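# Analysis of the macromolecular model
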Amino acid sequence: MEVAAALAWLEKNAVPLDAFNDVSQRPGLIRAALDACATKLDGKPSAASTRRNRRSVLHNYFGHAVEKGHVTVNPVGTVQWKATKVADAVDRRVVLSPAQFSQCLVALSYVGRYEGRGAKLSAFFGLMYYAGARPAEALAVVRDDFTLPKKGWGMVTLARSEPEAGTAWTDDGARNEQRGLKWRARKEVRAVPIPPALVRLIQAHLKRWGTGPGGRLFRTATGGRYSQTAYNQTWDAVRAIALQPHQVNSTLGLRPYDLRHAAVTLWLNSGVPIPEVARRAGHSSDVLLKVYAGCIDSGSAAANARIDEALGDEL
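This report concerns the structure included in the present document. Residue numbers restart at each chain and count upward from 1, following the sequence in its written direction. Totals for whole chains, interfaces and linings use every residue, but because this is a predicted model, local features are given only for residues with pLDDT of at least 70 and side-chain atom pairs only at 80 or more, for both listing and counting. Values shown for side chains rest on all heavy atoms present in the structure; no hydrogens or waters enter the calculation.

Let us now look at the nonpolar core. In globular proteins that are soluble, nonpolar side chains generally tend to be buried together. Nine residue types can take part in a nonpolar core, namely buried Ala, Val, Leu, Ile, Met, Phe, Trp, Tyr and Cys, and a core is a set of them joined through side-chain atoms within 4.5 Å. The cut-offs for exposure are 20% and 50% of the maximum accessible area for each residue type, with area from a 1.4 Å probe on protein chains only; residues under the lower value are buried, those over the upper are exposed, and the others partly exposed. Counting residues in each nonpolar core, the largest one holds 56 residues, and the members touching the most others are Phe101, Phe124, Phe125, Leu127, Phe146, Val156 and Ile202. Among the elements that line this core, the one with the most residues is helix 5 (residues 122-131), at eight residues. Throughout, a contact is declared for two residues whenever any of their heavy atoms are within 4.5 Å. Setting aside residues up to four positions removed in sequence, Val156 forms contacts with Leu127, Ala131, Val141, Asp145, Phe146, Arg190, Ala191, Val192 and Ile194. Grouped together as the second largest cluster of nonpolar side chains are 10 residues, Phe20, Leu58, Val71 and Val76 included. Helix and strand labels come from DSSP, where a helix needs a run of H or I of at least four residues and a strand needs a run of E of at least two; each type is numbered from the N terminus.

Here it is as structure tokens:
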């Protein structure tokens, strides 16, 4: 019944392919399609990467239509079109300092204190801040992914990702879809050294809550996967406790994903070589520099000191 309704809607609302062979209609039709690629359902601009992916799909779709003889030319390349620019680079104002994140870890113990809801996610948020894991990667870790020495640095091997796709879009009807790492082959892994602070968080988590089926670390009270809404709500509560009122109303650490941005920023500004930061983050070096250009310390303090000296200003 749902499939029939969807097909009926498509038949009523879809533009016939023949319309793209009409040179008078083609520009307006393809511009509308490209504008839709650059817009979210709420009317706001979509992310630059989303735009590129959607345009690529649209171009391939019409390429197939040309191959099958339904249209004479691929219309995507026939118009001058440029989407509203959306920043790809990370805004440094979202980056939490180590001291601020430590405050957040303390605040987690007060969120859902009696059922341990916040404390149960401390290691999850720690994986993003200390190991640069994406939320979907952190959710998917199991006990065997960790090397946890009694002292010093350990290791986490990020081997899979479980992004939230919705029950209608997964093969088994689950909310999360099991995939390989982002931008990587299905079986490719990323081994990331983890500092003692994260080793202790993981050890404390295992001691208190153990593991679930398959060695899974992070699971709800009913044994299921955490939804994006659930861990976002927990993080919102943490920010309200740990940060100053003006910081809560700012973009500082606004999303859990910003913890990953903080990790990469810390590595870059600690002098870790670019290729090693890129490897740990799961980026190429050129993408890393493009995305985090605004987060890299540029030596401004030293430059200001030289200018002060030249101006003769007294400090």
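This is not the end of the story, as more comes after the structure.
Strand pairing follows a simple DSSP-based rule, namely that at least 2 bridges must link the two strands. Pairing within the open sheet is antiparallel, and its three strands lie in the order 1-2-3. Only two strands of the sheet have a single partner each, and these edge strands are strand 1 (146-147) and strand 3 (190-194). Here strand 1 runs beside strand 2 (residues 154-158); their pairing, made up of two bridges, is antiparallel. Bridge pairing in strand 2 links Thr147 to Met155.

Topologically, Thr265 is positioned in helix 10 (residues 257-269). Given the relative accessible area of 4%, Thr265 is considered buried. Not counting chain neighbours up to four residues away, the residues in contact with Thr265 comprise Val95, Tyr292 and Cys295.

This part covers the pairing of strand 2. In strand 2, alternate side chains face the same way, and those of Gly154, Val156 and Leu158 are buried while those of Met155 and Thr157 on the opposite face are not. The turn joining strand 1 and strand 2, which pair antiparallel and follow one another in sequence, is formed by six residues; a positive phi near 80° is taken by Gly152. Of the pairings in the sheet, the one linking strand 2 to strand 3 comprises five bridges and is antiparallel in character. Bridging across to strand 3, Val156 finds its partner in Val192.

So, on to the packing of aromatic side chains. The way to describe two aromatic rings as a pair is by their centre distance and the angle between their planes. Geometry of aromatic contacts follows a simple scheme: Phe, Tyr and Trp rings, the Trp one being its six-membered ring, pair when their centres are within 6.5 Å, and the pair is stacked under 30 degrees between planes, edge-to-face over 60, tilted otherwise. Under the counting rule described, the total for this entry stands at nine aromatic pairs. Working rule: Lys NZ or Arg CZ, within 6 Å of ring centre, within 35 degrees of ring normal, means a charge sits over the ring. Above the ring of Trp267, the side-chain terminus of Arg280 is found at 5.9 Å from the ring centroid.

Another aspect to go through is the environment of Asp236. Looking at the secondary structure, you find Asp236 in helix 8 (residues 228-242). We classify Asp236 as partly exposed; its relative accessible area is 45%. Once the C-alpha coordinates of Asp236 and Arg255 are considered, the two residues, 19 residues apart in sequence, prove to be 8.1 Å apart.

Following the sequence through the fold, Gly116 ends up in the loop between helix 4 (98-108) and helix 5. Between the C-alpha atom of Gly116 and that of Ala221, which follows or precedes it by 105 residues, the distance is 9.8 Å. Ignoring anything within four residues of it in the chain, the contact list for Gly116 reads Arg208 and Trp209.

Bringing the pattern of salt bridges into the picture now. What counts as a salt bridge is simple: a side-chain nitrogen of Lys or Arg found within 4 Å of a carboxyl oxygen of Asp or Glu. This structure, assessed with the given rule, holds 10 salt bridges. For Asp91, the salt bridge identified is with Arg93, shortest N-O distance 2.7 Å. Residue Asp91 is classed as partly exposed on the basis of its relative accessible area, which comes to 31%. For Arg225, the salt bridge identified is with Glu162, shortest N-O distance 2.8 Å.

Moving on to a nonpolar patch on the surface. Taken together, Val3, Leu7, Trp9 and Leu10 make up a surface patch of nonpolar side chains, about 450 Å² in accessible area. Under the relative-accessibility criterion, Trp9 is labelled exposed at 55%. Residues enter patches when they are more than 30% accessible in relative terms and free of salt bridges; like-charged ones are connected within 9 Å and nonpolar ones (Val, Leu, Ile, Met, Phe, Trp, Tyr) within 5 Å. Here the Shrake-Rupley method, with its probe set to 1.4 Å, supplies the accessible areas, and only the displayed protein chains count as covering residues.

Orientation is described by axes fitted as lines to C-alpha atoms, over the contacting stretch for helices, and by angles from 0 to 180 degrees between their N-to-C directions. Packing of helix 4 against helix 8 brings their axes to within 9 Å, and their N-to-C directions diverge by 110°. Between helix 4 and helix 8, the angle falls in the class roughly perpendicular. Here the hand of the crossing between helix 4 and helix 8 comes out right-handed. Seen from helix 4, the contacting residues are Phe101, Gln103, Cys104, Ala107 and Leu108; seen from helix 8, they are Thr234, Trp235, Val238, Ile241 and Ala242. Residues are grouped as follows: nonpolar covers Ala, Val, Leu, Ile, Met, Phe, Trp, Tyr, Cys and Pro; charged covers Asp, Glu, Lys and Arg; every other residue, Gly included, is treated as polar. The residue makeup of the contact of helix 4 with helix 8, split by class, is eight nonpolar, two polar and no charged. Our angle categories are set so that under 35 degrees counts as roughly parallel, over 145 as roughly antiparallel, 65 to 115 as roughly perpendicular, and the remainder as oblique. Two helices cross in a left-handed way if the nearer one is turned anticlockwise from the farther one by less than a right angle. They cross in a right-handed way if the turn is clockwise.

Moving on to the side chain of His261. Inspection of the secondary structure puts His261 in helix 10. With residues up to four places along the chain from it excluded, the contact list for His261 reads Val90, Val94, Val95, Arg255 and Tyr292.

The next subject is helix 13 (residues 300-311). In a regular helix each residue adds 1.5 Å, so 12 residues correspond to 16 Å; helix 13 covers 16 Å between its end C-alpha atoms and thus fits that length. Phi for Gly312, located one or two positions after helix 13, is positive at around 80°. Multiply 1.5 Å by the residue count of a helix minus one, and that product is the helix's expected span.

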